[in-house]
Amino acid sequence: MPEIEFTIDPETGALELHVKGIAGPACDDVAKLAKELLGEPGQERQTAEYYLRPRVRPQLRPRGGQ
Amino acid sequence: MSKYLVYPELVFKDRRLLLAALADLGYAEVEEGEALPLYGYQGDRRSETAELVVRRRYLGSASNDLGFARSSGGFVPIISEYDQRVLHGGHLLAQLRTAYSERVVEAVTRRLHGTARRSVEGSLVKITVRF
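Residues numbered from 1 in each chain as written. Chains lettered and ligands numbered in written order. Predicted model: local features only at pLDDT ≥ 70, side-chain atom pairs only at ≥ 80, totals over all residues.

(A) The environment of Phe 75 of chain B, seen in detail. Residues and elements named next belong to chain B. Mapped onto the elements, Phe 75 comes out in strand S5 (residues 74-78). The exposure class of Phe 75 is buried, given the 23 C-beta atoms found within 10 Å. When the C-alpha positions of Phe 75 and Val 11 are compared, they lie 6.6 Å apart, and in sequence the two are 64 residues distant. Leaving out residues up to four positions away in the same chain, Phe 75 has contacts with Phe 12, Arg 15, Leu 18, Leu 52, Phe 68, Ala 69 and Arg 70. (Helix = DSSP H or I, 4+ residues; strand = E, 2+ residues; numbered from the N terminus. Buried ≥ 20, exposed ≤ 12 C-beta atoms within 10 Å, placed from the backbone. Contact = placed C-beta atoms within 7 Å.)

Here you go:
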């Protein structure tokens, strides 16, 4: 299940967020939402999972059927 | 793991969330407009202007107006050195950033139709949003 982990430091108000469980550039949509509310981050890095390609399983349909 | 964003210097990007964060800190009365003048504690007009202003009567008897000027990156606080030192025990901006961050988490949770789980680890607040 995808999740976002927010870490807030109440001493400074600094915020970190970590998007987990979304392989590939799909997590850019989440990052876009975060940037819409938070602005450009001071630091941004893709983690290993970002570079995984989502698996697409081919679907076979019988000819002539729906 | 897929993406990691760090906001050491949080900007107040969203006007609505900034207003909510100010209300959380007890400043619900905020004047809004274009290039509003800011006044000092003696009623003197200052050179700066802002788009969001908490007037000094809502801050303290020796306070100056607290402003937020719109910039391309978001709203930038305009606060006097005195108020920065005195308001909320000198932690006004840190507390405002924290309140803003909490509002951001709320907004993201709502937008993603997710559920949030909160925990405290040492001095840090961790909120995990599943969607």
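(B) Spotlight on the interface of chain B and chain A. Across the contact, 36 residues belong to chain B and 40 residues belong to chain A. Top element by residues in the side of chain B that touches chain A is helix H3 (residues 92-111) of chain B. It accounts for 11 residues. Split by residue class, the side of chain B that touches chain A holds 21 nonpolar, 7 polar and 8 charged. Two strands pair when backbone bridges link them, and strand S1 (residues 3-9) of chain A and strand S7 (residues 124-130) of chain B are joined in this way by 6 bridges, in the antiparallel orientation. (Nonpolar A, V, L, I, M, F, W, Y, C, P; charged D, E, K, R; others polar. Pairing = 2+ DSSP bridges.)

(C) Quick look at H3 of chain B. Look at H3 of chain B: 28 Å from first C-alpha to last across 20 residues, which is about the 28 Å you get at 1.5 Å a residue. Every buried residue of H3 of chain B is accounted for by Leu 92, Leu 96, Arg 97, Thr 98, Ala 99, Tyr 100, Ser 101, Glu 102, Arg 103, Val 104, Val 105 and Val 108 of chain B. (Expected span 1.5 Å × (residues − 1).)

(D) Layout of the pairing of S1 of chain A. All names here are of chain A. The two faces of S1 differ: Ile 4, Phe 6 and Ile 8 on one face are buried, but Glu 3, Glu 5, Thr 7 and Asp 9 on the other face are not. In this structure, S1 lies alongside strand S2 (residues 14-20), joined through 7 bridges in antiparallel fashion. Within the sheet, the bridge partner assigned to Ile 8 lies in S2 and is Leu 15. Hairpin geometry of S1 and S2 is characterised by an intervening segment of 4 residues between the two adjacent antiparallel strands and by a positive phi of about 85° at Gly 13.

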